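# Examination of the molecular architecture
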Amino acid sequence: MHPTARYRAVIGSITILSGLLAAACIIVGTLAVENDFDAFSDPTRTLLHAHNHVLAYWFNILDLFGYYLLLLPLVFHLHQLYKYRSPWVPLLTFSGAAYALVGAIGAAILAAVWPPLMQDHLSAVASEQHAITIAFKTVTLAVTKGLWNILEVLFGAVWWIGMGLLLRSTSQWLGLITIITGIATILDAVGNLFDLQLIAEVGLNGYLLLGIIWPVVIGMWVLRSGSPLRSAKSIDL
């Protein structure tokens, strides 16, 4: 196999794996809270399922790799493909990398903090449980509201929408689904910034779903594509 073909095969496979692990993350998260979907918006309800602390740990580990870290090779692959196509590509690449790293930091924090707090909550007396609940809620909201649903999704929106506009020159449908993913993240960010719960929920649910579908779709595109960009013709963006 030609080195370039091997490179594309690795990037495409890692990206598809990202989508599969993101799907596993949602499944494990659902099991961890025993279908108590209110726990995803109310951290204190997560402690009602503290006996599932092992599942909660793996939920965050799958999130770390599925939604975030395994997208980094694709971020830099797209940079190489489009770096001569628009002067905005460096900003888009920075935003894509920042999305992955901010999200991964949040997942790593929860993976480290959730299991011990959940285990402590199981054996604590009532007064201690109250203090643990406050600590759990504070850390969780700092990650989920601050890092994930405001900062991370703003970076993600810039990357997905910008790359979607560029991808349209190669594949209209791939560009469209990429832009839609970016729109979902910007809705999530706007909803949380201005406390518009309905908009935030629509954006978050769209992002969680497309965060599974989009990596699989673009990963398959990378695997099947040859060298789609041979000229240095710029694209208005």
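Only a predicted model underlies this, so the values are computations on that prediction, with no experimental measurement involved. (Residues numbered from 1 in each chain as written. Predicted model: local features only at pLDDT ≥ 70, side-chain atom pairs only at ≥ 80, totals over all residues. Heavy atoms only, no water.)

## Overview of the side chain of Thr185
Note on placement: Thr185 falls in helix α7 (residues 172-193). The contact partners of Thr185, leaving out residues within four places of it in the chain, are Val153, Gly156, Ala157, Trp160 and Tyr207. (Helix = DSSP H or I, 4+ residues; strand = E, 2+ residues; numbered from the N terminus. Contact = heavy atoms within 4.5 Å.)

## Some remarks on the pattern of salt bridges
By the definition in use, this model includes 1 salt bridge. With a closest N to O distance of 3.0 Å, Arg45 and Asp36 form a salt bridge. Given a relative accessible area of 12%, Asp36 falls into the buried group. (Salt bridge = Lys/Arg side-chain N within 4 Å of Asp/Glu carboxyl O. Buried < 20%, exposed > 50% of the residue type's maximum accessible area, 1.4 Å probe, protein only.)

## Thoughts on the environment of Ile134
Along the chain, Ile134 falls in helix α6 (residues 126-167). As a C-alpha pair, Ile134 and Gly211 span 77 residues in sequence and 30 Å in three-dimensional space.

## Focus on unusual backbone geometry
Here the phi dihedral of Asn35 falls at roughly 65°; this positive angle occurs in a residue that is not glycine. Within the chain, Asp195 stands out as a residue other than glycine whose phi angle is a positive 55°. Within the element layout of this structure, Asp195 appears in the loop between α7 and α8 (197-224). Take Asp195: its relative accessible area is 55%, and that puts it in the exposed class.

## Observations concerning the packing of aromatic side chains
Per the stated rule, a full pass over the model turns up 15 aromatic pairs. Taking the centre distance of 5.8 Å and the plane angle of 85° together, the rings of Phe94 and Phe155 count as edge-to-face. Of this pair, Phe94 sits in helix α5 (residues 89-123) while Phe155 is found in helix α6, placing the two residues 61 residues apart along the sequence. Ring centres of Tyr99 and Tyr207 lie 6.4 Å apart, and the angle between their planes is 85°; on these two criteria the pair is classed as edge-to-face. Highlighted residues: Tyr99 in helix α5 and Tyr207 in helix α8, separated in sequence by 108 residues. Among the aromatic residues, ring-to-ring pairing joins Tyr67, Tyr68, Tyr99, Trp148, Trp159, Trp160, Tyr207 and Trp214 into one connected group. (Phe/Tyr/Trp six-rings, centres within 6.5 Å; stacked < 30°, edge-to-face > 60°.)

## Let's talk about the packing of helix α4 (residues 72-82) against α6
The interhelical angle for the contact between α4 and α6, taken along N-to-C directions, is 40°, at an axis separation of 12 Å. Taken together, the axes of α4 and α6 lie oblique to each other. α6 is crossed by α4, and the crossing has left-handed handedness. Between α4 and α6, the residues in contact are Leu74, Val75, Leu78 and Tyr82 and Trp159, Met163, Leu166 and Leu167, respectively. Within the contact of α4 with α6, the residues separate by chemical class into 8 nonpolar, no polar and no charged. (Axes fitted to C-alpha atoms, helices over the stretch in contact; angles between N-to-C directions. Parallel < 35°, antiparallel > 145°, perpendicular 65-115°, else oblique. Left-handed = near helix turned anticlockwise from the far one by under 90°. Nonpolar A, V, L, I, M, F, W, Y, C, P; charged D, E, K, R; others polar.)

## With respect to the nonpolar core
In this structure, Leu74, Leu78 and Trp159 are the most contacted members of the largest nonpolar core, which totals 51 residues. Taken together, the elements giving at least two residues each to this core come down to α1 (3-32), α3 (53-68), α4, α5, α6, α7 and α8. Among all residues touching Trp159, those that are not within four sequence positions of it are Leu74, Val75, Leu78, Leu92, Ser95, Gly96 and Trp214. (Core = buried A, V, L, I, M, F, W, Y, C linked by side-chain atoms within 4.5 Å.)

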